[in-house]
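Breakdown of the fold
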Amino acid sequence: MIDYKKELNPAQYEAAMTLEGPLLCIAGAGSGKTRTVVYRLANMVEQGVAAHDILLLTFTRKASQEMLHRAGELLGHGIGAVSGGTFHGFAYSVLRQHPPQGFEGGLSIMDSADATEALKYCKDTMGLGKGDKSFPKTATVMGMLSKARNKEREIGDILQREAFHLAAYRDDIVQISTGYSNYKREHGLLDYDDLLFELENLLRTRPDLLDYYRHRFKYIMVDEYQDTNLVQARLVQLLAGGHRNVMAVGDDAQSIYAFRGANVQNILEFPAMFPGTRIVKLEENYRSVQPVLDLTNAILAEAPVAFHKTLFTSRTGGNLPQLVKPLSDLTQANQVVNKIAELRRSYEPKDIAVLFRAGYQSYHVEMQLSKAGIPFRKYGGVKYSDAAHVKDVMCYVRLLINPLDLPAFQRLAANVKGVGPKTALKIYEASRLADPSTLDRLLKKYPDFAKDLELVDSLRRQRLEPVEVLEEVLEVYKPRLMQLYPDDYPRREHGLEQLVQIAATYRELDLFVSDLSLEDPNPDAAASEDHITLSTVHSAKGLEWDAVLVIDLVEERFPSKQALQKADDLEEERRLMYVACTRAREYLGLFVPSSIYSRGGGGNEPAMPSPFVRDLPVYLYEEWKENYTGGLMQREYQQQRTMRLGDSVPAAPDAFSRATGGESEPAFAPRTASRKLGHCTHKIFGRGKLIKHLPPDKYQVNFPGFGLKVIMEAYLQMEE
DNA sequence: AGGCGTCGCTTTTTT
DNA sequence: AGCGACGCCT
């Protein structure tokens, strides 16, 4: 028997024990969210719930597998057939069993590269935006279309709000959008957004199926609920609408996917969607040492989040986070590598990570790490399955599943010398319309492509395992690999070996293909023990390391350039910064280069430190500057710092959470008023910004240089 | 007419 | 580094 009461804190215990009815778990960073879900799963099994009855929706398949694995360990036996994965993965698994109208002949999932290519094709064939230099790029148009669908608003609306300069192209963009939809239907293609909407449509139009799935999944858990969008919330409502045994877990402070339509309101409105929801807040942090936690709390203090939490930790000791100011982003790479070398004396490589806002920002660090012989693994940015050779090979496989998949057909054809999109389309039309004379003539002209089509046909006749299919394809494709990529074909060949390895774990071809586009498989994750991690902050979500280094903390990089315009976007960047820093257990390094290389400015340009760093009270970190010889020197302590030394947490956490959490207050109290608060002056701390009114007579105030304080109103001089 | 090489320009984040 | 426009080649 598991002693739940002993192994969980009271809030975790409550969440793990509540199995029936709707439950919302607000879990701060590092508060043992996974642990709580794991114990809850174990409890379910002990209470006699069959694994088969549980649906566990998580952000990545890896996350659901880890939860199941750990629950299995806890129970001392496997937990078996829990269904789980991402919303998109789940949607596909349902849709492949119940193909929507028009997809009976086969159904291909397009990843974002496929979708953009298809959109470009539509744009070109419709002759829109030709020769107009300021016409938005295909990728930009794709982004707008996807945003409109995710937020469920008109395209014109999105353009107006997010890209005013493109509003003039609204009609053209709407036309492209219509053309794209038709194209997808015609060729049996679904993009990521379609998966969710088609699933909703299926459940709404087929009451029998809705009923079936409601009985099939008697318990539903949704992780990272703050990153769900509107249609995902409706799917949860549909699926859990019968029994209402549904748990949502999330943290509004870690919502970082608004750009793709994630709606923080979802988590706030969960109790309204499921009346009678029990709310549990996990606020004790088990991950980070106090100095790291103090700094992350300070980042969040300025954010207007609905549930204000100040996390507290029981982890004692720990050093102050370091703020390192290299002279440029180039020397930053050296400083990062030096620091990693130093950290490796105390930590395993797998416990060290370098985080950044965008994929390209790790470029210099990657170079220096390679030079220093430190192995690393990069997450985020370009995906493994985006590599041209992987896409090439997968096109053969896609045509097996869906013969109408025109993008796949065109891509294969384009690899043959002398064939471009137009010729490919001719062959495609000729084969589809059964026009043997044209077909014969064209295939004679391009014997290489004829060979490809023969291969696909012969594979379609046989019923082979995924791995066997791949081996046959590679036999034809490998010789072509050298021809196509003479410069680096050995590296690509290695990548294809990995693809075969992945294929070997599947029995069904369509699952192999869909998984590859729905979830980056991360080929040799198992062999990553001796690798340090480089990752975008988005891809680092839900993970943690002993030592975390965040780089490029300058204006226009982090926060990113385009987020500086709108307040909402800037708040999302702040939460992103919060997510980055809360990944650290013990060491946190913030790197702020004084200049960055930019193409436009013709070399190095001075850079402003990120506002997220600028606004931090100085006593929360120690500052190191790089000198001309590449060494680091510590900045002399400022007056405030000396004054504050020996002081503990900026805001006394107990008092604060008691004052804000409030057993009497409804837990869902949006902090609407706080935005309107102004400034005040205090005799000792000087001028500060009012953050929150703590009734009846206190205010939480942020004083530059002193940080968060809770002060009696009588001691404050208010400004207008 | 369609394919292919070259030059100039611009880079967020992900299922 | 990748897209798009432009111009030359088959």
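Quick summary incoming for the structure in this document.

Here is what the cut-offs are and how they apply
- Residue positions are counted from 1 within each chain, in the order its sequence is given.
- Numbering of ligands from 1 and lettering of chains from A proceed in the order in which they are written.
- In view of the model being predicted, local features appear only for residues whose pLDDT reaches at least 70, and side-chain atom pairs are presented and counted only at 80 or more, with totals across whole chains, interfaces and linings using the full set of residues.
- With hydrogens and water excluded, all non-hydrogen atoms of the structure serve as input to the side-chain values.
- Secondary structure follows DSSP: runs of H or I at least 4 residues long count as helices, runs of E at least 2 residues long count as strands, and numbering of each begins at the N terminus.
- Note on exposure labels: buried denotes an accessible area under 20% of the residue type's maximum, exposed denotes more than 50%, and partly exposed covers the range between, all computed with a 1.4 Å probe on protein chains only.
- Contacts: residue pairs with any heavy atoms within 4.5 Å of one another.
- Residue-level accessible areas treat just the shown protein chains as cover; the underlying method is Shrake-Rupley with a 1.4 Å probe.
- The convention is simple: Lys and Arg are positive, Asp and Glu are negative, and His and the chain ends are not counted.
- Charged groups are reduced to one reference atom each: NZ for lysine, CZ for arginine, CG for aspartic acid, CD for glutamic acid.
- The definition of a polar contact used here is a pair of N or O atoms within 3.5 Å, where within protein one atom must be able to donate a hydrogen and the other to accept one, and adjacent residues in sequence count solely through side-chain atom pairs.
- Salt bridges are defined as contacts in which a side-chain nitrogen from Lys or Arg sits within 4 Å of a carboxyl oxygen from Asp or Glu.
- Pairing between strands is defined by DSSP: at least two bridges between them are needed.
- Lines fitted to the C-alpha atoms define the axes, with helices restricted to the stretch that makes contact. Angles between their N-to-C directions range from 0 to 180 degrees.

1. Section: the overall build of chain A
Along its length, chain A carries 29 helices and 25 strands. In terms of overall dimensions, chain A has a C-alpha envelope of 90 × 65 × 55 Å along the principal axes. Of all 720 residues assigned to chain A, the portion counted as buried reaches 55%. Counted over contacts in chain A with a minimum sequence separation of 6, partners at least 24 positions apart contribute 75%. When the accessible surface of chain A is summed, it comes to about 32500 Å², and 51% of that surface belongs to carbon and sulfur atoms. Placing the 88 positive and 95 negative side-chain charges of chain A at their respective mean positions leaves the two points 2 Å apart.

2. Looking at the side chain of Thr18
Within the element layout of this structure, Thr18 appears in the loop between helix H2 (10-17) and strand E1 (23-27). Relative accessible area serves as the criterion here: at 7%, Thr18 is assigned to the buried category. At a separation of 2.7 Å, a polar atom in the side chain of Thr18 contacts the main-chain carbonyl oxygen of Glu14. Other than its neighbours up to four places away in sequence, Thr18 contacts Leu23, Arg40 and Arg278.

3. Regarding the pattern of salt bridges
For the structure on display, the rule yields 49 salt bridges. Of the charged contacts in the structure, one is a salt bridge between Lys478 and Glu497, with a shortest N-O distance of 3.2 Å. Here the residue Lys478 occupies a position in helix H22 (residues 466-484), and Glu497 occupies one in helix H23 (residues 489-503), the gap between them amounting to 19 residues. For Lys478, a relative accessible area of 25% puts it in the partly exposed group. The salt bridge involving Glu572 is made with Arg575; its shortest N-O contact spans 3.3 Å.

4. Topic: the sheet that holds strand E8 (residues 278-282)
Here 6 strands make up an open sheet; going across it, the order is E3-E2-E6-E7-E1-E8 and the pairing parallel. Across the chains shown, the open sheet's two edge strands, defined by having one partner strand only, are strand E3 (83-85) and E8. Averaged over all pairs of adjacent strands, the angle between strand axes in this sheet comes to 10°, irrespective of strand direction. Of the pairings in the sheet, the one linking strand E6 (residues 219-222) to strand E7 (residues 246-250) comprises 3 bridges and is parallel in character. Bridge pairing links Met221 to Met247 in E7. Seen against the sheet, helix H3 (residues 33-46) touches E1, strand E2 (54-57), E6, E7 and E8 and runs at an angle of roughly 170° to E6.

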